[in-house]
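These are the residues of each chain, in order.
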Amino acid sequence: MNAERPLGNIFTDLLGEVTALFRTEMRLARAEMSEKLSTMTLGIALAAAGAILLFASLLYFLGAATAALIVAGLSLWLAPLIVAAAALLVGGAVLWFGISRLTAKNLAPRRTVHQLKRDAAVARFQVQHQ
């Protein structure tokens, strides 16, 4: 039955199917990017929350740690230096964790790209076997 169809009709149908497929894939890409945006928003929120909590609690913690080191016998200049270095390491780790969730790799629409590759393969197969 397909051999009796005019070539123009076949290409018209194929163009319609490719257009519909493209629209569907665009909706999928938008949905996936929305999901990725949620992941990015969560990463930003975690980084911000970590930074705010770190700052607020560290003010008291650093003061107490400095006082403890001074009471333990360290000099007035060495105790704050040690405490500041420790705070820098912890703050850097929290910030790094938040930023690591914002990488381009985590935001790429991998499922959509994979689906587009599969769709292209199916379209090539259909064109070759029409």
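See the structure printed just above.
Presented here is a report on the structure given in the accompanying data block.

Basis of the calculations
- Residues numbered from 1 in each chain as written.
- Predicted model: local features only at pLDDT ≥ 70, side-chain atom pairs only at ≥ 80, totals over all residues.
- Heavy atoms only, no water.
- Axes fitted to C-alpha atoms, helices over the stretch in contact; angles between N-to-C directions.
- Helix = DSSP H or I, 4+ residues; strand = E, 2+ residues; numbered from the N terminus.
- Parallel < 35°, antiparallel > 145°, perpendicular 65-115°, else oblique.
- Contact = heavy atoms within 4.5 Å.
- Left-handed = near helix turned anticlockwise from the far one by under 90°.
- Nonpolar A, V, L, I, M, F, W, Y, C, P; charged D, E, K, R; others polar.
- Expected span 1.5 Å × (residues − 1).
- Bend = angle between axes of the 7 residues up to and from the residue.
- Patch = residues over 30% accessible without salt bridge, like charges linked within 9 Å, V, L, I, M, F, W, Y side chains within 5 Å.
- Areas by Shrake-Rupley, 256 points an atom, 1.4 Å probe, with all protein chains shown as cover.
- Salt bridge = Lys/Arg side-chain N within 4 Å of Asp/Glu carboxyl O.

1. Things to note about the packing of helix α1 (residues 7-71) against helix α4 (residues 110-128)
Item 1. Running from N to C, α1 and α4 cross one another at 170°; their axes reach a closest spacing of 9 Å. Overall, the two elements α1 and α4 adopt an arrangement that is roughly antiparallel. Residues Leu14, Glu17, Leu21, Glu25, Leu28, Ala29, Glu32, Glu35 and Lys36 of α1 pack against Arg110, Arg111, Thr112, Gln115, Leu116, Asp119, Gln126 and Val127 of α4.

2. Topic: the packing of α1 against helix α2 (residues 78-100)
Item 1. The geometry of α1 relative to α2 is characterised by a closest axis approach of 9 Å and an angle of 165° between their N-to-C directions. Relative to α2, the element α1 is oriented roughly antiparallel. Between α1 and α2 lies a crossing whose hand is right-handed. The segment α1 lies against α2, with Gly43, Leu46, Ala47, Gly50, Leu54, Leu58, Leu62, Ala65, Thr66, Leu69 and Ile70 engaging Ala79, Pro80, Ile82, Val83, Ala87, Val90, Gly91, Val94, Phe97 and Gly98.
Item 2. The residue inventory of the contact of α1 with α2, partitioned by class, reads 16 nonpolar, five polar and no charged.

3. Here we look at the environment of glycine 91
Item 1. Looking at where glycine 91 falls in the secondary structure, it is placed in helix α2.
Item 2. Sequence separation between glycine 91 and phenylalanine 55 is 36 residues; the distance between their C-alpha atoms is 8.7 Å.

4. Focus: α1
Item 1. Here α1 spans 92 Å end to end across 65 residues, near enough to the 96 Å set by a 1.5 Å rise per residue.
Item 2. Bending of α1 peaks at approximately 40° at the position of leucine 58.
Item 3. Count one or two residues on from α1 and you reach glycine 73, which has phi positive near 115°.

5. Observations concerning a nonpolar patch on the surface
Item 1. Taken together, the side chains of Leu42, Leu46, Trp96 and Phe97 define a hydrophobic patch exposed on the protein surface, amounting to about 440 Å² of accessible area.
Item 2. For the nonpolar patch, the secondary-structure elements that each account for two or more residues are α1 and α2.
Item 3. Mapped onto the elements, leucine 42 comes out in helix α1.

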